[in-house]
Amino acid sequence: MSSLLVLGLYFLFQVFAVFGNIWLSWWSEDRLADKSPKANGTEPESKLDIYLGVYGGLGIAQALSVLAYSILASFSLLKGAKCLQEDMLGNVLHCPMNFFDTTPLGRILNRFSKDVDTIDNTLPLAIRQIIATLFLVMSTLFTISYTTPIFMSIIVPIAVLYYVIQNYYLPTSRQLKRIESVTRSPIYSMFSETLAGAASIRAYGVQKEFQQKLENMVDNNLTSFSMSLAANRWLGVRLETLGNLIVFAAALFAVSNRDTMTPGSVGLSLSYALNVTFFLSWFVRNRSEVETNIVGVERISEYCKLENEANWYKENHPDNSWPSKGNITFDNYQLRYRPELDLVLKGISCSINGGEKIGIVGRTGAGKSSLTVSLFRLIESAGGNIIIDGQNISELGLHDLRSKLTILPQEPIIFSGALRNNLDPLEQFADEDLWSALELSHLKTFVKDLNKQLDYECGENGGNLSVGQRQLICLARSILHKTKILILDEATAAVDMETDQLIQHTIRTQFKDTTILTIAHRLNTIMDYDRILVLDKGLLKEFDSPEALLKNKESLFYGMAKTAGLV
């Protein structure tokens, strides 16, 4: 509806503009415009006020209609761009993890930067210009045909030529635009990876190699861009030629019909004909601009239709007290990261009692992290079930499940912003609770010494904090959002021994009644756990207390402990 209204308003503007020029032509042809005799012939009667008043009224009507059109078109196009961007963002945030595993970061950044800029700025401008030039071309042809009817005889041949040129140019231009977009994504990926690994690049002295690789990517991208410019020039030459033919035809017909045409009609026809070259060229250019940049809408729409994770909420809500015990049962559980890949967990079956401390160990690729991934349903099951306190987690909404679990990851996640927002992103706790969590995570003294304390600004990825401090902040966050199940995914692998001991002490004292699953990097940290779960190539090989496993010198755990120098 708004689209029809936008077109209607601009159509009105063009009607007023064309009629204003026709009115001016009539005015110029009226020899008695300044004065004509009154009925008694004694005094001149001025007609200037009538002509001037109508012309002024048409000018005001033009101004009002184009103002209404501009406002409505701007808001409509902005609303459309906003809806597309919000749909894409919401959809990408709910994509399963395999999307991020298989999609380069630069490609995603390209969608949210260049393509969003296209639908925010380039496309709205091009659409407004194509509407304007379309009506200008139509009004020009109408005006020339109105003053020189014989001109209509060449409109069809000219239209056919334009159609042929457009059909030849637009597919090429569109494909070149796609190639340019595709070759831009690796530049974003390479640049972000170079920034992230700048320290390693300098350490190995390969700055020139990376610089050369980036320059090659930019050259590859500019090749397609320069081809787009060349195609645009090709179009320009042909459009200028056809525009000149229209001017020639209008002038020729005006001269051949000089006996029947008034000077005002000739002037009106030629003035429009002189502009038709520009109008036609600009119309085709804008149409090609819209068609080539509509690729951005196509690419964003593609991300709006990506497959999502399971429903965030479901009607089957668990009780607020769930899980009250923290019992976990794996029933022949199987997992694969993508349909075409092999199973990484092959029929895991075991039961974990509430409050137990379970260490998960195994060689690289054994499936340790996959086991924790399955609890959060970051990847859906390929078979079997996980049951927590009698509730099959596959029947729950993802929010209901994930909000009831806590994880302390190997790589601490710190967001840019105030420290309090990192501890309590949803602003659910009072400052006293934050200070209590900081004290329990051995950070209170450090934060007290900061100038802004809880309002201290954390840098990007916590760049102004040490790795140990970042991990302790994550620990404080876990203490605040304490749940009955805590997963430690090699949480102390990247920290020093002192920080490791602080984290282990806090976990043992603050999570006494919590079911803890720990993927262990250092075996000595889990030697006092209730049971050890040993994985090998996706299979559950051993599951018993550390003492029982160490008594069996043939066990895999005994071999790992011996390698670590613990036996």
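Residues numbered from 1 in each chain as written. Predicted model: local features only at pLDDT ≥ 70, side-chain atom pairs only at ≥ 80, totals over all residues. Heavy atoms only, no water.

J.: I'm lost on the overall build of the chain in this one. Help?
T.: Along the backbone of the chain there are 17 helices and 14 strands. Taking 567 residues into account, the globule formula puts the C-alpha radius of gyration at 24 Å, and the chain, at 37 Å, lies well above it. Structurally, the chain occupies a C-alpha span of about 130 × 50 × 50 Å along its principal axes. Taking all 567 residues of the chain together, 42% fall into the buried category. In the chain, the share of contacts with a sequence separation of at least 24, taken over all contacts with a separation of at least 6, comes to 76%. Within the structure as shown, the chain displays about 30,000 Å² of accessible surface, and the carbon and sulfur contribution to it stands at 58%. (Helix = DSSP H or I, 4+ residues; strand = E, 2+ residues; numbered from the N terminus. Rg over C-alpha atoms; globule rule 2.2 N^0.38 Å. Buried < 20%, exposed > 50% of the residue type's maximum accessible area, 1.4 Å probe, protein only. Contact = heavy atoms within 4.5 Å. Areas by Shrake-Rupley, 256 points an atom, 1.4 Å probe, with all protein chains shown as cover.)

J.: Help me understand the sheet that holds strand 13 (residues 531–536), please; the structure alone is not making it clear to me.
T.: Hydrogen bonds along the backbone pair up the strands of a sheet, which may run parallel or antiparallel. Spatially, six strands are ordered 8-11-12-5-13-14 in an open sheet, and the strand pairing comes out mixed. Because the sheet does not close on itself, it has two edges, and the strands there are strand 8 (406–408) and strand 14 (539–544). Geometrically, the sheet is characterised by an average inter-axis angle of 20° between neighbouring strands, direction not taken into account. In this structure, strand 8 lies alongside strand 11 (residues 485–489), joined through three bridges in parallel fashion. Bridged to Thr406 within strand 11 is Leu486. (Pairing = 2+ DSSP bridges. Axes fitted to C-alpha atoms, helices over the stretch in contact; angles between N-to-C directions.)

J.: What am I meant to see in the pairing of strand 6 (residues 383–388) here?
T.: When a strand is regular, its side chains alternate between the sheet's two faces. Sheet topology places strand 3 (residues 328–335) next to strand 6; five bridges connect them, and they run antiparallel. Of the residues in strand 6, the one forming a bridge with Gln334 is Gly383. Adjacent in sequence and paired antiparallel, strand 6 and strand 7 (residues 391–392) are bridged by two residues, among which Asp389 carries a positive phi angle near 50°.

J.: Before we go on, may I ask you to explain helix 12 (residues 431–440) in this structure?
T.: Helical geometry note: an α-helix holds 3.6 residues per turn, so side chains three or four residues apart project in the same direction. Looking at helix 12, one finds that the buried residues are Leu434, Trp435, Ala437 and Leu438. Down the axis of helix 12, the smallest arc covering the buried residues is 160°, so these residues share one side. Following helix 12 by one or two positions, His442 adopts a phi angle in the positive range, close to 65°. (Arc of directions from axis to C-beta.)

J.: I would appreciate a short explanation of the state of the cysteines in the present structure.
T.: When the sulfur atoms of two cysteines share a covalent bond, that bond is a disulfide. Applying the stated criterion across every chain, the model contains zero disulfides. Not part of a disulfide, Cys458 finds its nearest cysteine sulfur in Cys474, a span of 10 Å. Residue classification places Cys458 among the buried positions, given a relative accessible area of 4%. (Disulfide = S-S within 2.5 Å.)

J.: In this structure, what is going on with the packing of aromatic side chains? I would like to understand it.
T.: Applying the stated rule across the entire model yields nine aromatic pairs. With a centroid separation of 6.3 Å and 75° between ring planes, the pair formed by Phe330 and Tyr333 is classed as edge-to-face. In this structure, Lys213 packs its charged tip against the face of Phe210, placed 5.5 Å from the ring centre. Sitting above the plane of the Phe511 ring, Lys482 keeps its charged end 5.5 Å from the centroid. (Phe/Tyr/Trp six-rings, centres within 6.5 Å; stacked < 30°, edge-to-face > 60°. Lys NZ or Arg CZ within 6 Å of the ring centre and 35° of its normal.)

J.: When you look at the sheet that holds strand 7 in this model, what are you seeing that I'm missing?
T.: Sheet architecture is open: four strands sit in the order 4-3-6-7, paired in antiparallel fashion. In this open sheet, the two edge strands, each paired with only one partner strand, are strand 4 (345–352) and strand 7. Its contacts with the sheet put helix 9 (residues 368–375) on strand 3, strand 4 and strand 6, and the angle it makes with strand 3 is roughly 110°.

J.: Explain the domain arrangement of the chain here, please?
T.: Accessible area lost when the parts come together is the quantity often used to give the size of an interface. On domain assignment, one finds that the chain holds domain 1 (1–34 + 43–304) and domain 2 (328–564). The centre of domain 1, based on its C-alpha atoms, is set 55 Å off from the matching centre of domain 2. (Domains from an automatic or database assignment.)

J.: What should I look at first to understand the nonpolar core in this one?
T.: Ranked by size, the top nonpolar core spans 54 residues in total, and within it Tyr10, Tyr69, Phe99, Ile131, Phe151, Tyr162 and Tyr303 carry the most contacts. A total of 12 residues in this core trace back to one element, the largest contributor, which is helix 8 (residues 263–304). Excluding its chain neighbours within four sequence positions, the residues that come into contact with Tyr69 are Val6, Leu9, Tyr10, Arg128 and Ile131. Grouped together as the second largest cluster of nonpolar side chains are 37 residues, Leu423, Leu454, Phe511 and Ile526 included. (Core = buried A, V, L, I, M, F, W, Y, C linked by side-chain atoms within 4.5 Å.)

J.: When you look at the side chain of Ser441 in this model, what are you seeing that I'm missing?
T.: When you line up the elements, Ser441 lands in the loop between helix 12 and helix 13 (444–448). Among the polar contacts listed, one links the side chain of Ser441 to the backbone oxygen of Ala437, at a separation of 2.9 Å. Among residues more than four places away in sequence, those in contact with Ser441 are Leu472, Leu475, Ala476, Ile479 and Thr506. (Polar contact = N/O pair within 3.5 Å; in protein donor to acceptor, adjacent residues only side chain to side chain.)

J.: It is not clear to me how the packing of helix 12 against helix 14 (residues 467–480) should be interpreted in this structure. Could you clarify?
T.: Any two packed helices are characterised by the angle at which their axes cross and by the distance between the axes. Where helix 12 meets helix 14, the axes come as close as 8 Å, and the angle between the chain directions of the two elements is 125°. Considering their axes alone, helix 12 and helix 14 lie oblique with respect to each other. Here helix 12 and helix 14 pass one another in a crossing that is right-handed. Here Asp433, Leu434, Ala437, Leu438 and Leu440 of helix 12 lie close against helix 14, whose contacting residues are Ala476, Ile479 and Leu480. (Parallel < 35°, antiparallel > 145°, perpendicular 65-115°, else oblique. Left-handed = near helix turned anticlockwise from the far one by under 90°.)

J.: How should the confidence of the model for the chain be read in this particular structure?
T.: Across the chain, the average pLDDT comes to 83, with 96% of residues at 70 or higher. A low-confidence stretch, residues 31–36 stays under pLDDT 50, and its non-local contacts, those more than four residues away or across chains, total 15 contacts. pLDDT under 50 marks residues 41–45. Its contacts with residues more than four places away, or in other chains, come to 11 contacts. (pLDDT = per-residue confidence, 0-100.)

J.: How should I be thinking about a nonpolar patch on the surface in this particular structure?
T.: On the surface, Phe19, Trp26, Phe142 and Tyr146 cluster together to form a nonpolar patch covering roughly 410 Å² of accessible area. Of all the elements in the fold, those that place two or more residues in the nonpolar patch are helix 1 (2–29) and helix 4 (105–147). Classification of Trp26 as partly exposed rests on a relative accessible area of 35%. (Patch = residues over 30% accessible without salt bridge, like charges linked within 9 Å, V, L, I, M, F, W, Y side chains within 5 Å. Salt bridge = Lys/Arg side-chain N within 4 Å of Asp/Glu carboxyl O.)

J.: Explain the pattern of salt bridges here, please?
T.: Side-chain pairing between opposite charges can occur once the charged atoms of the two side chains come close. In the structure shown here, the tally under the stated rule is 11 salt bridges. Put simply, Glu309 and Arg402 hold a salt bridge, and the shortest N to O gap is 2.8 Å. Taken together, the residues Glu309 in the loop between helix 8 and strand 3 and Arg402 in helix 10 (residues 398–402) connect sequence positions 93 residues apart. We note that Glu309, like Arg402, is buried. Measuring nitrogen to oxygen at the nearest pair gives 2.8 Å for the salt bridge that ties Asp528 to Arg508. In this pair, Asp528 sits in the loop between strand 12 (515–519) and strand 13 while Arg508 sits in helix 15 (residues 497–510), placing the two residues 20 residues apart along the sequence.

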